[in-house]
Amino acid sequence: MAGAMHNARLAWQGLVREVQNGLLTPMLLALLVAVSAVTAVGFFVDRVDGAMRAQAAQFLAADARVESPDPLDEVVGIARELELTTSRHVTFPTVALAGQQSQLVGVKAVDGAYPLRGDLRIDDGETVSTVEHGPPAGQAWIARRALLSLDAAIGDSIAVGQSELTIGAVLEREPDVGNVFAQAAPRLMIHRDDLAATGLVTETSRVEHALLLASDANDRDARFERLAERLPDRLRLERPESSQPAFETAFDRAARFLGLASVVAVLLAGAALVIAARHYNRVQQGAAALMRALGASSKQIGAIYRWRLLMLALLAAIPGIAIGALTQLLLADLMAQVLEVDLPPPGFTPVALGLAVALVALFGFALPSLVQLKHTPPLRVLVEHAVAPSPAATLLFGAGIAAITLLVWFQARDAALTLWVLVGLGASLLVFLAVAWLLVTLLRRWPARGVARFGLARMARARWMSATQIAALALGVTAVLLLSVVRSDLIDAWERQIPADAPNIFAINIQPEQVDGMRAFLQEAGIENASFYPMLRARWTELDNEPVDKARYEGRAHRLATREFNLSVGEEAAAHNRVTAGDLGTEGFSVEEGIAETLGWSLGDRLTFTVDGREVSAPITSLREVDWDSMRPNFFVIASSSLMDGVATQYITSFHFPDGAPETQVALLREFPTVTLFDVSRILDEVRTLIDRASQAVEYVFAFTLAAGLVVLLAAFGASERQRIHDAAVLRVMGASRGKVIAALWIEFLALGLLVGLLAAVAAMAVGATLSARVFDLPLAFNPLLLLWGLGAGLLLAALVTPLLGRRMTRVAPAKALRS
Amino acid sequence: MSSLKTPADDSQPILTVEGVTQTVRTPEPLTIVHEASLQIFPGEAVALVGPSGAGKSTLLALMAGLDTPTAGRITLAGQSLEDLDEDGRAAVRAGHVGFVFQSFQLIDGLNALENVALPLELAGERGAEARAREALVEVGLGERLAHMPRQLSGGEQQRVALARAFVIEPDILFADEPTGSLDTATGEHVIDLLFRLRERHQTTLVLVTHDPALATRCDRGFEVSAGRVSDWQPDPDALRGPK
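Conventions we followed
- Residues numbered from 1 in each chain as written.
- Chains lettered and ligands numbered in written order.
- Predicted model: local features only at pLDDT ≥ 70, side-chain atom pairs only at ≥ 80, totals over all residues.
- Helix = DSSP H or I, 4+ residues; strand = E, 2+ residues; numbered from the N terminus.
- Buried ≥ 20, exposed ≤ 12 C-beta atoms within 10 Å, placed from the backbone.
- Expected span 1.5 Å × (residues − 1).
- Bend = angle between axes of the 7 residues up to and from the residue.
- Pairing = 2+ DSSP bridges.
- Axes fitted to C-alpha atoms, helices over the stretch in contact; angles between N-to-C directions.
- Contact = placed C-beta atoms within 7 Å.
- Nonpolar A, V, L, I, M, F, W, Y, C, P; charged D, E, K, R; others polar.
- Core = buried A, V, L, I, M, F, W, Y, C linked by C-beta atoms within 7 Å.
- Domains from an automatic or database assignment.
- Parallel < 35°, antiparallel > 145°, perpendicular 65-115°, else oblique.
- Left-handed = near helix turned anticlockwise from the far one by under 90°.
- pLDDT = per-residue confidence, 0-100.

Caption draft 1: Structural context of the overall build of chain B. Looking only at helices and strands, one finds eight helices and ten strands in chain B. Among the 243 residues that make up chain B, the fraction classed as buried is 49%.

Caption draft 2: Geometry of the overall build of chain A. The secondary structure content of chain A amounts to 21 helices and 22 strands. Relative to its full complement of 820 residues, chain A shows a buried share of 42%.

Caption draft 3: Broad picture of helix α20 (residues 785–810) of chain A. Residue and element names in this part refer to chain A. The terminal C-alpha atoms of α20 lie 37 Å apart, and with 26 residues this matches the ideal 38 Å at 1.5 Å per residue to within 8%. Along α20, the sharpest change in direction is near 30 degrees and occurs at T802; proline P803 comes one to four residues later. Listing the buried residues of α20 in full gives L786, G790, A793, G794, L797, A798, T802, G806, M809 and T810.

Caption draft 4: Representation of the sheet that holds strand β9 (residues 220–225) of chain B in the model. Residues and elements named next belong to chain B. Strand order in the open sheet made by the six strands is β6-β7-β8-β3-β9-β10, with mixed pairing throughout. For this open sheet the edge positions go to β6 (97–100) and β10 (228–231), each flanked by a neighbour on one side alone. Direction aside, the axes of adjacent strands within the sheet are offset by 20 degrees on average. Alignment of strand β7 (residues 172–176) against strand β8 (residues 204–209), held across five bridges, turns out to be parallel. Note on β8: the bridge partner recorded for L173 is L205. Its contacts with the sheet place helix α5 (residues 154–166) against β6 and β7, and it is angled at close to 175 degrees to β6.

Caption draft 5: Examining the interface of chain A and chain B more closely. Chain A puts 26 residues into the contact, and the matching count from chain B is 21 residues. Counting only elements with at least two residues in the side of chain A that touches chain B, the list comes to α12 (450–461), α18 (680–733), α19 (738–775) and α21 (814–819) of chain A. The element best represented in the side of chain A that touches chain B is α12 of chain A, accounting for eight residues. A per-class count over the side of chain A that touches chain B returns 13 nonpolar, four polar and nine charged.

Caption draft 6: Representation of the sheet that holds strand β4 (residues 71–76) of chain B. Residues and elements named next belong to chain B. Pairing is antiparallel across the open sheet formed by four strands, whose spatial order is β2-β1-β4-β5. The sheet terminates laterally at β2 (29–40) and β5 (79–80), the two strands that pair on one side only. Sheet topology places strand β1 (residues 15–25) next to β2; eight bridges connect them, and they run antiparallel. Looking across to β2, one finds that V24 is bridged to L30.

Caption draft 7: A look at the nonpolar core. Residue and element names in this part refer to chain A. Counting residues in each nonpolar core, the largest one holds 223 residues, and the members touching the most others are L31 and A269. With 23 residues, α18 is the single largest residue contributor to this core. Residue contributions to this core reach at least three from each of two domains, namely domain 1 (1–58 + 247–413) and domain 3 (428–500 + 680–820). In this view, A269 contacts A30, L31, V33, A34, A361, A708 and V711; residues no more than four positions away in its chain are not counted. Counting residues in hydrophobic clusters, the runner-up holds 86 residues, among them A98, L120, I505 and V591.

Caption draft 8: Highlighting the packing of helix α3 (residues 112–122) of chain B against α5 of chain B. All names here are of chain B. At a minimum axis distance of 8 Å, the contact between α3 and α5 shows a crossing angle of 25 degrees. Comparing their axes, α5 and α3 come out roughly parallel. In terms of crossing hand, the pair formed by α3 and α5 is right-handed. For the pair α3 and α5, the contacting residues are A112, N115, V116 and P119 in the first and V160, A163 and R164 in the second.

Caption draft 9: Expanded view of the pairing of strand β2 (residues 85–98) of chain A. All names here are of chain A. For β2 and strand β10 (residues 208–214), the ladder comprises seven bridges, and the chain directions are antiparallel. Its bridge partner being in β10, T85 is matched across the sheet by A214. Pairing analysis gives ten bridges linking β2 to strand β3 (residues 101–110), with the strands arranged antiparallel. If you follow H89 over to β3, its bridge partner there is V110. Hairpin connection from β2 to β3: two residues lie between these consecutive antiparallel strands, with G99 at a positive phi of about 60 degrees. The pairing of β2 with strand β7 (residues 157–160) spans two bridges and is classified as antiparallel. Counted as the bridge partner of A96 is V160 from β7.

Caption draft 10: Structural detail: the pairing of β10 of chain A. Residue and element names in this part refer to chain A. Where burial is concerned, most of β10 is hidden: five out of the seven residues are buried. Where strand β1 (residues 64–68) meets β10, five bridges bridge the pair, whose relative direction is antiparallel. Bridged to S68 within β10 is H209.

Caption draft 11: A look at the environment of A112 of chain B. Mapped onto the elements of the fold, A112 of chain B is located in helix α3. In the structure, A112 of chain B is positioned 35 residues away from H147 of chain B in sequence and 5.7 Å away in space, judged by C-alpha atoms.

Caption draft 12: Here's a closer look at the packing of helix α11 (residues 415–444) of chain A against α12 of chain A. Residue and element names in this part refer to chain A. Direction vectors running N to C along α11 and α12 enclose 140 degrees, while the axes themselves pass 9 Å from each other. The pairing of α11 with α12 is recorded here as oblique in orientation. The two elements α11 and α12 meet at a crossing, and its hand is left-handed. Contact residues: V440, L443 and R444 in α11; L456, M459 and A460 in α12. Partitioning the contact of α11 with α12 into residue classes produces five nonpolar, no polar and one charged.

Caption draft 13: View of the confidence of the model for chain A. All names here are of chain A. Averaged over every residue, the pLDDT of chain A is 81; the share at 70 or more is 87%. Element-level pLDDT for chain A is lowest in helix α15 (residues 555–562), with a mean of 70, against a maximum mean of 94 in strand β6 (residues 139–142). Here residues 242–246 is modelled with pLDDT under 50, and outside its nearest four sequence neighbours on either side it reaches six contacts, counting other chains as well.

Caption draft 14: Highlighting unusual backbone geometry. Look at the link from Y114 of chain A to P115 of chain A: it is a cis peptide, with omega at -10 degrees. Inspection of the secondary structure puts P115 of chain A in the loop between β3 and β4 (120–123). One non-glycine residue, E83 of chain A, lies in the positive phi region at around 55 degrees. Looking at the element boundaries, E83 of chain A is found in the loop between α3 (73–81) and β2. On the neighbour-count criterion, E83 of chain A (10 C-beta atoms within 10 Å) is exposed. The phi dihedral of Q105 of chain B falls on the positive side, at around 55 degrees, and the residue is not glycine. Following the sequence through the fold, Q105 of chain B ends up in the loop between β6 and α3.

Caption draft 15: Summary view of the confidence of the model for chain B. All names here are of chain B. Within chain B, residue pLDDT values average 87, and 93% of them lie at 70 or more. Scored below 50 in pLDDT, residues 1–10 makes 14 contacts in the model with residues more than four places away or belonging to other chains. Overall fold confidence (pTM) sits at 0.65, and the ipTM for the predicted complex is 0.76.

Caption draft 16: Examining the environment of L584 of chain A more closely. Residues and elements named next belong to chain A. Position of L584 relative to the elements: it lies in the loop between β16 (578–582) and β17 (589–592). A tally of 17 C-beta atoms within 10 Å means that L584 is categorised as partly exposed. With 40 residues separating them along the chain, L584 and R624 place their C-alpha atoms 8.9 Å apart. When residues no more than four places from it in sequence are discounted, the contact partners of L584 are E571, A574, V579, S590 and S622.

Below is the structure:
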């Protein structure tokens, strides 16, 4: 124990000295960047995850929920036994009347406990406020859309069935709104106590009963599990985790992506650590030999350097975690606006993660180089050439690869993904390295003279070191270019694909008898030739006369197989689609090729749908390619008109109102109260904001990658500083001014910066073009400006580092520099 | 050669050192050169002799403007070095001074030809490569132009350094223990070459050495001992060497 403390003290003394004289600066900075990158993402993901759970609970307005067409009295009994808080509500559509106007509304009759989680936003005519309860008895809260079409105002009476209620407020937001597209009618919220008086709900009425459940007990998950076990088979307990599977999956992917992006920074920091540790090893061999000559055992020397690394890890981890915590504030600020909920404070997991990364990186990337020190022969104090054998390549690479694998696996949490990321990263780095090596070799052949030749010769002398620096920096710059320039290019290109007069309003629930009137209305509003497409709900029941085996399908395919389709009828619905196989004119179903692939359908397969209580069976007679960006109504399945004779249908149309024309929308709703309008431009704006914010978050994380690239540069400079100062002194002995020495450095770093910029720009162009063609289905396009941006970034890099390093190289008198 | 010549009285000195002192903090103040004064005239070969640590190399560095003295005045090629900043002193070196060092001081990343051409290119002179090639041929390395320093032996590296020193036709050449890193035979060969080249190019030579026999090949010498400079006369016993 005393020995360990003694070694620790020696390690600490050396550490303080080496931090002061700058020997450990590159390692310290590399660790700082690695820890900051990982903890920033860790804190951010932790907080957004917490917020999403809270938001998911809001989506349900509870911790759990059960829905049924029948009253849920028996479940309420079980819930009470389990001491769960409950709230019940009933929803159903009806027509509400105000004065001479009527409007189809979706009534939601809530009790006094509603909502158990989340809140409502209401506008009482004077203020907009957030409340944690529904309307009091005697009042109705109504969606603004319905209020407008009823031509009513707050304080007016509204007739719901047989009762008269007072409009108390406009309902701006309710927590468990569900899917807005499924909510055909605008909301009218009343108190459950007023329900009986309406006379609208009888035993035979088609209504939806919901039971909300919540608990603050520590074992609430267990209680919900017990409840789920006791539920009748026809009922299902819905938990927040599964309420928004698509959103959750998307965030889980985003979180993994951010984590992996931070790993790129850690890997580059690892490269810096390897370079810096090898230099540190060279410098420390004299000290290690002296200690051995003075009687220290090889074991003791090993222990001293391990202690020193441990202390270094802590020294870097503490400020690194602090930087990570500050950076996540920026990231969290971006996402908080999108999530519309307060982010909870971060937990302590990221702190542990930061420490773990510092240790894994240091012991994986730096320790193997330092193993040599403990084997330094004492003879080295007399004979400079006496050195310990270099550590085995298997140890150097093995430890590095183990560290990388551990770090990637920790972020990916999936063996296959870890393997793919390792292979992808390894391949990209190898390509970058190979190209950088080739460029450096070519540059050496450049017929330069004087300081230019001197500057370029330095790069060529340490070709692998130069290539490593270029590859590391290029990777960082590529990432930033992709996320800044290419991102906006892709979004612009996507927006350009949507014509300025593309439909921005969708109208659904149009009854057949309303079609002519609505067409006339739209004509008056300046919309010529609006197309109305029949739309009906159908459930897929059989494939080739065999019942659909839903268990066969997973994920998206399962959802498609189990939900109702929006089918259309007649060839007109496919007029703007491209038929890729079969014939649209033959009687049968025309299917969008994407869904056909997902569900394993082929031309000629026989599909059976249940439509309006009737079974309709026919073969697939054509496949279509659908342009989903066209903003026109599109359908997965279109049936020939002859198949749907006599089936009741509704219609859908879409049109363009400049800037949404809210007044015209209101006028339209007044004339056609059962019609529901969707203003898609707002949704597009929200999608754009979400993409923008998410990619900005990734951009911030990639800034760490760039910083790690710079640390590689610094580590490489640190490793060659002595040689550089010597060479600069030789130049000055031969009469070169400081200016010329710095000019040589400028040439070296300009060349390095330009190579970095060129490589990054070409890589960003290639990846951007591939993304645009393969992922976004946009025409292949190269942005030549990327070259300018890339080269600009390279020049900026040179401008940042050259003056700094130039000063270090020329501040010592040549005589002193040569002597040292 | 066993006697030293006296300077020509009718010429102006190319190098004048007046009361030069150099003190460093290590961290206690330590005087390495103590009020040194001497003059060197064009065409002379002058030796600075003394034991290791006497301050010879420090004095050479001060005389060549590679370092600045704590006190005193140095005039090199008509320029008072104390009036010049580092770049000004570099300009004086570029126009008038050549160097040869014990540890060769070649640039690792440049081949032999590029190393020799470098001072000409730094001075912006034309035909640098052709002149560098001639210089290397002159030192017998015409076949090794493209070799990197690490591919050359110690003697060959020092010959490249000689070619680099003479290619600019310097008025004065400072040589700091030029044979210190070489074995005896190679060292003698390099010294022969050095004196042959200086004769051919009419170059003033300041040679730092701890070897009295080598010093006697110069016209005259100064002894540096504990930082103090005095005239040096060869000791016949020392020149005879051990029995």
